Each structure stands twice: as structure tokens, then as C-alpha cells.
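# Structural description and commentary
The residues making up each chain are set out below.
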Amino acid sequence: MNKFAKLVAALLVLGIVVLALIIFVPASRTAPVSSLPANFKAAEGHGEYVMRLADCKACHTAEGGKPFAGGRAIESPFGTIWSTNITPDPKNGIGGYSLDDFRAALYDGIEPDGTHLYPAMPYENYRNLKEEDVRALYDYFMNEVAPVSEAAPETDLAFPFNQRWGIRLWNWLALGDAGHPDLYDDAVLNRGAYLIDGVGHCAACHSPRNTIFAQAGETAEDSDYLAGGVIGNWPAPSLYGKGSAPEKWSANDLAAYLSTGRNSHSAVAGEMTQVVGESLQYASDEDMHAMVTYLRHINGKTTGGPDQMTNLATDAGNDADNSIAAASSKRADLSGETVQLLASADPAMPLGARLYLDNCNACHFVNGKGAHGVFPALDGNALVVSDTAGGLIDVILHGARMPSTDKRPERLAMPGFGDRLSDEELAELATFVRQGWSNDASAVTADDVAELRAAGFAH
Amino acid sequence: MARQEKKRDVVIVGLGWTGSILGMELCNEGLDVLALERGEDRDTVPDWKYPNVADELKYGVRYGFMQKPRNSTLTIRRDLSETALPYRHLGSFLPGDGVGGAGMHWNGHTFRPMAEELELRSYVERNFGADIIPDDMTIQDWGVNYAELEPYFDRFEKIAGISGKAGNLNGETVEGGNPFEAPRSSDYPMPPLDQTVDSNKFADAARKMGYHPYPRPAANASRAYTNPYGMQLGPCNFCGFCERYGCLNYSKSSPQTCILDALKRKPNFEYRTNAEVLKVELASDGKTAKGVTYVDANGEEVFQPADLVILAAYQLHNVHLMLLSGIGQPYNPRTGEGVTGKNYAYQTNGGTALFFKDIDFNPFVGAGSNGHVIDDFAINQIDFAAEGFIGGSYISSGTFNGQPIRSMRLPAGTPKWGAGWKSAIKEWYGHSMSIGSHGSNMSYQSNYLDLDPTYKDKHGRPLMRMTFNWKDNDIRMTQFMKGRIEELAKSMNPDIMQSGYKSKGAMYDVRPYQTTHNVGGAIMGSEPNKSALNRYLQSWDVHNVFVMGASAFPQNIQYNPTGTVGALAYWAVDAIRKDYLPNPRPLV
């Protein structure tokens, strides 16, 4: 054998050994970021609170299924990933998990037998959790959740994504240190950053993905941080930079959106509906204030203390003059090309505008401003003008419903118009709203609509 | 043998306005509450979604949201000598069924009664003498006065989100409101709706005659609104599909838009639909109720035990259930004894149509509660002794809708079909308006409700029998209003004018729609031998049964009943919370 062949053989053997090690040697688990006494006990209710903010229930509960029994389909670019049973059932759930096992799932995405979880489980973010919160969460799942003895469906992705050992390589590249550093001299900002980056795992949707599909940007130092992502066909709008909601909305509007799913500009739709309904509405006033303060801070805005924020429970928001008179018939408001076109009621107006009058105008009005907290504005709405038009098309096709929240319980709904508009008509209409008023987004084609119509209603 | 369900603190019969109010307030008190609704579940989307609900044939003509006579009806006769026959085709009145009740398909006129109306007999006796009250007229005081109810009117207006303009704020007259109303502690939560051409034209003419027009208090939101439960309304867009429809736009106040999503969040609240209550079950001594028996969606009989029974069904059904359950002595029209079924009353309405060749009224712009109103001929403005009747009306004008099947007002004599009809439609659609009189209806010894001796419903229960006819007093009242309205209408110089008012000898006709303002039969009052309920809407005889709704009205007010029904519900539930629950007993 010549030297070259020996080298190749040696490399091959080395490769096989490394591969074998990757596959067979258990991955190391991250240690606790701080040590707590063995008898540490979280405050009553804190475990459930952390679960709410971490939104475990939304993903780990199937539509109409038992809480935390898994079986919810998470669509990924690589195929459908089924959420797992995380009830304390020993056989089908996590009843056999030790605290270290539990932490390894949260921090490293590793099951007790070494199987890697798909990163649809946002352990990239959960590894920021403080040990106190890990412990509280563990106690909650072991002691307060009812065990469900039902197996969740197995995730079965196509090759090569079914080779879970590969995730180990991804983890090496994608995961930073565990724990969340306090970057500010301000307890409110540190709390806000911790909630946004860790428990709330906002970046899982709102940060773009880099070349290896890891969340781009780790802190507000990075320009990609929370700069907007895409989930399926839906945009997750940017939370960072000029024109982003935290940059342009008031603190009260931001808090209203996050805790009730609606404010004077917009309303939640798509995945965010569940985030508000299952998670954010449960945030304490202090934590909501911290998140809002942090999101505004990274966008260069200062926010007053919690007492400066209106109590939504008593702020009826009824003072704004958004009567139909103000919205549609005050002559002073009839400025702007789009408003004039719509208000002309000219039968010869372009199809998109005509369809808007026939289908949308009753709630969203000729000025595209909607009505405070009830009908979202379309002018300047992030979903409407996103480069990813899928969310807008989906809402027009299938409608949308706001979540019921403690402060705003009404499940206000927009009906779907898919049964009434052809692909061509819907494309004309979507293009009209994407380009009406101050909006300036790309046109939608009938093919875009046809594709989403064929995909059906996914949430 | 009926299946038995787990006992509840409270069972509510019917999930319309009053059932929702009682559910919310009693859940807030920490009680375990179950509501039983005989009809379907309903919500804005999908049941009233745009554009499907704007279907006049399905909902306006074929009564898609109303009760079906084959499932539930009553028999009707006009006097004691007639044999009552079943009301097999809806006409005169349209009870709803399903979640939201009639509160989902109303127009939204939300008035308070005049203070005088709540103490009508005393008011008449004090000011005009008892001798002006006809012998067969059985009007009574309500047992509660306006000052006591004022906070509850205020509460209901804030929950329902009413658009309007106060005329009397804490005794101060406010320009542009109704100067004849009783004092209000606060203004309406929203300013009035914008008004249509006919409404403004009427208001101008009324002002010229020295009258005092004010915008109709509307359960149609004039802007975005959030109520004290956090529930929300969006601004009304004047689509003109209110009455007989669910609102497609979250703009009309209803249990759905004002209460239900907040109530459904409560862990101590449950509701079951397709659950028709057959009877309230009484304890052997007859002094308390044990619960109710209902038929579930599968036709199975279920006994639902409860500590407190709230009857919150439609007026007719509340009375029917009381008669079937033996709550209160049935009323006997010959002796005047008994209370259950006593003092059924209705509403005395009329109107004048005005046609103007040269005015385009744009009738497709309408809202259920659009319009201006004058109270210059209302109950507290009329000298009953001089005019020869007891009662009054509000007079109003405003377009509710311009729907093509039922809202094609045409001059008398126009052919009903064919070329003549078509050309008249072309000529007159959009060129007319109307002025209406919405009047009181007194109660009489021979207008009452009891069980029918012949007809039974699908469950084998006797149908309820209505005995009702128009009486001279109310006809004199409406004829008086005709005179006032025609003067006003003439001052507007219409090309054609035509009136429709009941005249002497008019007999009750169940075929044309009149109004769904059926009242009485389980009236409230201060004496157990004269009323079925005490002032807190509590049965005098069965103290854990409270009966909501217009069945409590001892005679009908001149206004639409919902504002009063809502206020009475809040008044009653306050008494239940503060006084009854700590010590369950007859409160009076």
C-alpha cells in the first residue's frame, strides 16, 4: 500500500471512529448555571407561570387534545415534527425524567437516552433559563400536570433529516453558553431581555435563520437580532429597527398587543394568536412592562415606570373619535389617492379597489385605518406589507380570530373570503391593500393564492 | 325516568340578554352556574358572517333566526268567547331561539321608561283621579321606582354600549337630548349615531312645530367601544341588516358582543344548547324549586338539580313554564283572582308614510336604531283626563333598512305585481319616509295568558293560550297620535301621505308583523295577591325562583322594552347577590 492509500485508510478509520463516537457516546449535558440547595422550592404558582411564559402548552397540546400530551404538528422546512407528550406519565411522557434529564432537554435538546430533539423545541432559547425557573418548571410538570398515558405520534422526517445524530454537529455550531447574562445596569431591562431571549423565545420566530438554520443574532448588538423571520408562509415581523412595531408604537399599544392581541393599530393573526392566548396574556403587569421596556429600549425608545402604563382593564379606549363619520365621511379625511378612489364609488374603478369596497370596507374603512382595538388598520400593517405575503393571503382566504384574553375576552373574528373570491380576484385585492394608502409592497399573483388555497387552513 | 345531572348552585333557563347578565354576575359571585338554552349556539363568525347573513329571503322573510312554530308556539284568541287556535305561522311577533335569544336579532332601540310609567296607577290616581281608569283596566305600579332603578339603567347602558344623547343629566336639561326624560346620572357611553336624510328632515320639521327631537338611543355603536366586561363593539357601518339578522360587524349590542365571550372564560360557567326546559320541579311543600327538567339534544329527559332557578327565557316562555310548573296561582279573568298569566300586554303602534318625488332618501343607508324621536306626546306630557285615554307614544322617524323584499313602500292602490308594480317601484323606491308612533298598551282583565285546554306541544305539554284584543283606551291613544303625526307630516309637504293606525273596533290580527314586545303575565308588584313576582323579580310563592324579562311589566311602557329588561336584570341580580344569597328567603 502506498502512503496515500494509507492516509486515506487512516482518515477513513478516523472518520468512522468519530462518527461512531458521535452516534454512540452520549452527548454531554450542560450543568446548572447556578447551584441551588437541594430543598429549593419555587414560590407557589411560579412553575405554572414559567410554563405560561415559555408557552409549553401551545406546542405540546394537540387541537382539542389533553393538555401537554403532545401531538401537535409543527411544520418545518424539513417536514412535520410532532410535539411530544410532556405529562408526567412514566411510559409516554416525562415521568421518568430526573431534574438533570429535564434540564438536558431544555438546555441541550437531549432526551435521557441521548436522542436529540429537533430544534423545533426552542432549546436554543430555553438554555437561557435561570436554574430557579428550570426547577420551578420541573416541579410543575412532575407534580401539577395530570399524566396522560397516550403516546404522541412519532416524528418521521425523510433522510437525511431522520439521522438525528446530525443535530449534535448542529448543536456544536448553533448553541452558545447556557444562562442569560445581565447586560444592563437596570433590573427592568435585564428582566425584559431575559424574558424576550429566554423564556419567551421570541427569536425562535422573530429572528432570521442563518445558513445552518440557527437563529441569527444573539443580542441587540447584532443587526440580525429579532430582525424578522418566516414561519411557513407567514411573516414574523421584525421587532428591531426603523418601522418595527416596538419602534413605532407607544408602550401602551405594545403592551395591549402582547397582552390582549389587539391595539389601536393591529391585531394578532396566525401563530401569534396562540402566543398571546396561551402565553403572553398571563404575563404579570411587571413582566409585561419589562418586556415592553426592553423591546423599546433596543429601538432607542425610553419607557416610563409600570405606573405610566394604562391599566387596560379600565382603559376602555373609547375616547378616540373613530366613528364612521371620522373614518369615512369627514371631508377633511378624504385626502390621499386611495381614499379618494374608494370614496368616489366609481363603478369603473380597478377590480382590487372595487373588491375592497365590497368585502373589506365595512370594517377597515376607506382610510384603511379600521377601528381602535376592534378592526385592525391595513395601512402600515406589518402583515399586510410584509415581503412574505402568505400571512395576508391566508387571512383573506380563511379569516382570523383574536384570542380571548382576560382583559379583552372577545374572540373578534374576520370571516374567510376564500369561498367568495377566485385566485385572481384575491390576488387583485391583496395587491390593492399591499399598495394602497401609504403601503408599498410587491404585487400578489393568482399563483401565490392558488398555492396557499391548495395548502388549506393550517392553524 | 329522567337522567340526573350533578347539582349546580344556579340553573338559568335561556341564554339571551338576561340569562347572560345573570350568568356573568352570579359567576362573579363565585357560584357554579349552568345555563340551558333550547336553541342552537350562535356567534358572529360563522353564523352572522358577511355576506351570508345579509340574506333577506332566508332571515327576513323565512325567519331563519326565529323559533319554529312546529317546535314551540302558543294558541291565540281575542276574547273569552273564542276558541284559541295555534299560531302556526309567525306574524305579529317573532320570538327568537338560540344563544343570544331575541337580543341578537333586534334593532337596538334602548330607552329608559319614564318615571311615571313605573308608578302608573299611582300617577294616574294622583293627577287625574281613579275614576278615569276604566273598570276592566288592570294597570298597576311596578313596586320599584325610577330612582331605585337609575343605577341599573346606567349599568345596562354601559354594558350594552348605547349611543345617544342625554336630555336630563342629574336634573339639568341638556340641549339636543330628550328634555322629558327622568334624570340620568351620566350620559350615554357613546355619542349618537350619525343620522340619515329622513331622520334629519323629521327633526327639522319637529323643531319648527316647537317639539324637541333627540337622536334615538341606539344599541348600534357609533364608534369603537369597550364595555366594563372588556367586551368590544366596532363602529356601525349602516349596512341596514339589524332587525331579524345577527350583526355581521360587531356593531350591534347583543349577548354575543357584550357578554358571552367574557362569560365563557369563567371556569364556573357552563352552558348547554339544544336543552329545552320542560318544567321547574318544586319541592313537596311547593315553597322552593329543586331544579328543572329539560330535554337534551338526543331527546332524553334530564333532571338538573339547582339551588337557585333563574327563568330568563322569552316573556311568553317564562309565563308558560310558570303555568306548567305550578308557580303562582293561575290568573282567572272572570274573578280577577290569581297572578300567573295576569296582565298580558302588547304595544300600540301606527305610522304615516310620506312620499316625496324629488327627494332621494338613499334607503340602503340605514341602521336599526337610526332616527330622531320626540317625546312631546309621551306619557308624562299628556293630560289623560282631557284627552280621554291613559297612555302615550314616542314619535320617530329614521331608516332602518332599504331591503328589497320588505322595504318597498308604495302608494296605496299600487298593483301588487306586474308592470304596474314594477313601474311604481322604479318611481318610488328611495323616495319615501315614514313617521311612526310607538305607544303604550294598558293591561286589562280579559287580556291574559293561561294553559290551552286542547292543544299540546311535541313534549305533550299543554300549549299556552293568549287571550288578547285591542281596547278602546289604546285606540283613542293611537288615534290621538295619528292627528299629531299627520299635522307634522303635512308641514313637510309630501306629494302623497298615507296613514295606518288602529281605529275603533279594530281586532287583534296575528298575521302582519307588529312588534315582538310581548309583556306581562308574570308581573312584578308590591302585593302577593296582585302580582306573581315581588319587586326583586322573585316569585312570591317559590323564593328560589327569579323571573327575568318583560314578563314582569304590569302593563306596557311606551318604549321598546330592552332597556328596562336589562336594568331590571341588574337590579334583581344585585338583590340576589347582596340580600338573597347570604340568607335565602322571600325578600319581601
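Note that the structure is a prediction, hence the values are computed from the model and not measured.

## Remarks on the overall build of chain B
A count of helices and strands for chain B gives 13 helices and 24 strands. The globule rule puts the C-alpha radius of gyration for 588 residues at 25 Å, and the 23 Å found for chain B is close to it. Viewed in the frame of its principal axes, chain B has a C-alpha envelope of about 70 × 55 × 50 Å. A buried classification covers 57% of the 588 residues belonging to chain B.

## Overview of the overall build of chain A
Looking only at helices and strands, chain A has 21 helices and six strands in total. Taken over the C-alpha trace, chain A has a radius of gyration of 25 Å; the compact-globule value for 459 residues is 23 Å, and the two agree within 12%. Taking all 459 residues of chain A together, 47% fall into the buried category. Contacts in chain A between residues at least 24 apart in sequence constitute 62% of all its contacts with a sequence separation of at least 6.

## Brief notes about the nonpolar core
All names here are of chain B. Val13 and Ile310 are the most contacted members of the largest nonpolar core, which totals 279 residues. In terms of residue count, the dominant contributor to this core is helix H13 (residues 562-580) (10 residues). In this view, Ile310 contacts Val10, Ile12, Val13, Leu22, Phe546 and Met548; residues no more than four positions away in its chain are not counted.

## Focus: the environment of Cys205 of chain A
Residues and elements named next belong to chain A. Counting through the fold element by element, Cys205 comes out in helix H9 (residues 203-206). Take Cys205: there are 22 C-beta atoms within 10 Å of it, and that puts it in the buried class. Spatially, the C-alpha atom of Cys205 lies 21 Å from that of Asp253, the residues being 48 residues apart in sequence. Aside from chain neighbours lying at most four places away, what touches Cys205 is Gly229, Ile231, Ala236 and Glu271.

## Considering the sheet that holds strand S17 (residues 372-374) of chain B
The pairing of strands in a sheet happens through backbone hydrogen bonds and is either parallel or antiparallel. All names here are of chain B. With respect to topology, six strands assemble into an open sheet ordered S8-S17-S18-S19-S16-S22, the strand pairing being antiparallel. Only two strands of the sheet have a single neighbouring strand rather than two, namely strand S8 (214-215) and strand S22 (496-500). Direction of pairing for strand S18 (residues 393-397) relative to strand S19 (residues 432-439): antiparallel, over a ladder of four bridges. Residue pairing for S19: Ile395 is matched across the bridge by Ser437.

## Some words on the pairing of strand S1 (residues 73-76) of chain A
Residues and elements named next belong to chain A. In this sheet, strand S2 (residues 79-82) lies alongside S1 in antiparallel orientation, the contact comprising four bridges. Note that in S2 the partner of Ser76 across the bridge is Gly79. In this structure, the hairpin formed by S1 and S2 is closed by a connection of two residues.

## Some points on the sheet that holds strand S4 (residues 74-77) of chain B
Residue and element names in this part refer to chain B. Taken in spatial order, the four strands make up an open sheet running S5-S4-S21-S20, and their pairing is mixed. Where the open sheet ends on each side, the last strands, each with one partner, are strand S5 (85-86) and strand S20 (448-456). Here S4 pairs with strand S21 (residues 462-467) via four bridges, running parallel. Bridge assignment links Thr75 to a residue of S21, and that residue is Arg465. On top of the sheet, helix H9 (residues 315-325) reaches S4, S20 and S21; it is set at about 120 degrees to S21, its chief contact.

## A look at the pairing of strand S14 (residues 301-311) of chain B
Residue and element names in this part refer to chain B. Pairing of strand S1 (residues 3-4) with S14, which is carried by two bridges, proceeds in the parallel orientation. Its bridge partner being in S14, Gln4 is matched across the sheet by Phe303. Relative to S14, strand S2 (residues 8-13) is paired through five bridges, and the arrangement is parallel. Residue pairing across strands places Arg8 opposite Ala306, the latter belonging to S14. Across three bridges, the pairing between S14 and strand S24 (residues 545-547) is parallel. Residue pairing in the sheet places Ile310 in a bridge with Phe546 of S24.

## A short note on the interface of chain A and chain B
Chain A puts 27 residues into the contact, and the matching count from chain B is 25 residues. Looking at the side of chain A that touches chain B, the element that brings in the most residues is helix H14 (residues 324-329) of chain A, giving three residues. Residues that form the side of chain A that touches chain B fall into these classes: 14 nonpolar, eight polar and five charged.

## Here's the deal with the packing of helix H1 (residues 17-28) of chain B against H13 of chain B
Geometry of a packed helix pair, given as the angle between the helix axes and the separation of the axes. All names here are of chain B. At a minimum axis separation of 10 Å, H1 and H13 run at an interaxial angle of 30 degrees. Between H1 and H13, the angle is such that the two are roughly parallel. Crossing of H1 over H13 shows right-handed handedness. In this structure, H1 uses Trp17, Thr18, Ile21, Leu22, Glu25 and Leu26 to contact H13, whose residues at the interface are Thr562, Val565, Gly566, Ala569, Tyr570, Val573 and Arg577. In the contact of H1 with H13, the residues fall into eight nonpolar, three polar and two charged.

## A look at H9 of chain B
Residues separated by three or four positions in an α-helix point in the same direction, a consequence of the helix having 3.6 residues per turn. The buried fraction of H9 of chain B is high, at 10 of 11 residues. Of the residues trailing H9 of chain B, Gly326 of chain B is marked for its positive phi of about 75 degrees.

## Considerations on the packing of helix H19 (residues 390-398) of chain A against helix H21 (residues 446-455) of chain A
All names here are of chain A. Running from amino to carboxyl end, H19 crosses H21 at an angle of 65 degrees, the nearest separation of the two axes being 10 Å. The handedness of the crossing between H19 and H21 is right-handed. Between H19, through Gly390, Ile393, Asp394 and Leu397, and H21, the contact on the second element is made entirely by Asp448, Val449, Leu452 and Arg453. Split by residue class, the contact of H19 with H21 holds four nonpolar, one polar and three charged.

## Digging into the confidence of the model for chain B
Fine structural detail should not be taken from predicted coordinates in areas where pLDDT scores are low. A residue-level look at chain B finds 100% of positions with pLDDT of 70 or above and a mean pLDDT of 97. Taken over the whole predicted complex, pTM reads 0.94, whereas the ipTM for its chain interfaces reads 0.94.

## Points about the environment of Val124 of chain B
For Val124 of chain B, the location among the structural elements is in helix H5 (residues 120-128). If sequence neighbours within four positions are ignored, Val124 of chain B has contacts with Ile132, Ile133, Phe384 and Ile390 of chain B.

## Here's the deal with unusual backbone geometry
Omega for the bond connecting Phe159 of chain A with Pro160 of chain A falls within 30 degrees of zero, at 5 degrees, which places this linkage in the cis form. Of note, Pro160 of chain A is situated in the loop between helix H6 (131-143) and helix H7 (166-174). A cis amide bond links Val45 of chain B to the next residue, Pro46 of chain B, at an omega of 15 degrees. Mapped onto the elements, Pro46 of chain B comes out in helix H2 (residues 44-47).

## Observations concerning the confidence of the model for chain A
Confidence in the prediction of chain A, expressed as mean pLDDT, is 90, and 93% of residues score 70 or more. Counting interchain partners and residues more than four positions distant, the pLDDT-below-50 stretch residues 313-332 of chain A has 37 contacts.

## Re the environment of Leu341 of chain A
Residue and element names in this part refer to chain A. Mapped onto the secondary structure, Leu341 falls in helix H15 (residues 337-344). Leu341 sits in the partly exposed class, given 19 other C-beta atoms within 10 Å. Each C-alpha atom of the pair Leu341 and Asp307 lies 44 Å from the other, and the pair is 34 residues apart in sequence. Contacts of Leu341, omitting those with residues within four sequence positions, involve Met349 and Ala353.

Calculation criteria
Residues numbered from 1 in each chain as written. Chains lettered and ligands numbered in written order. Predicted model: local features only at pLDDT ≥ 70, side-chain atom pairs only at ≥ 80, totals over all residues. Helix = DSSP H or I, 4+ residues; strand = E, 2+ residues; numbered from the N terminus. Rg over C-alpha atoms; globule rule 2.2 N^0.38 Å. Buried ≥ 20, exposed ≤ 12 C-beta atoms within 10 Å, placed from the backbone. Contact = placed C-beta atoms within 7 Å. Core = buried A, V, L, I, M, F, W, Y, C linked by C-beta atoms within 7 Å. Pairing = 2+ DSSP bridges. Axes fitted to C-alpha atoms, helices over the stretch in contact; angles between N-to-C directions. Nonpolar A, V, L, I, M, F, W, Y, C, P; charged D, E, K, R; others polar. Parallel < 35°, antiparallel > 145°, perpendicular 65-115°, else oblique. Left-handed = near helix turned anticlockwise from the far one by under 90°. pLDDT = per-residue confidence, 0-100.

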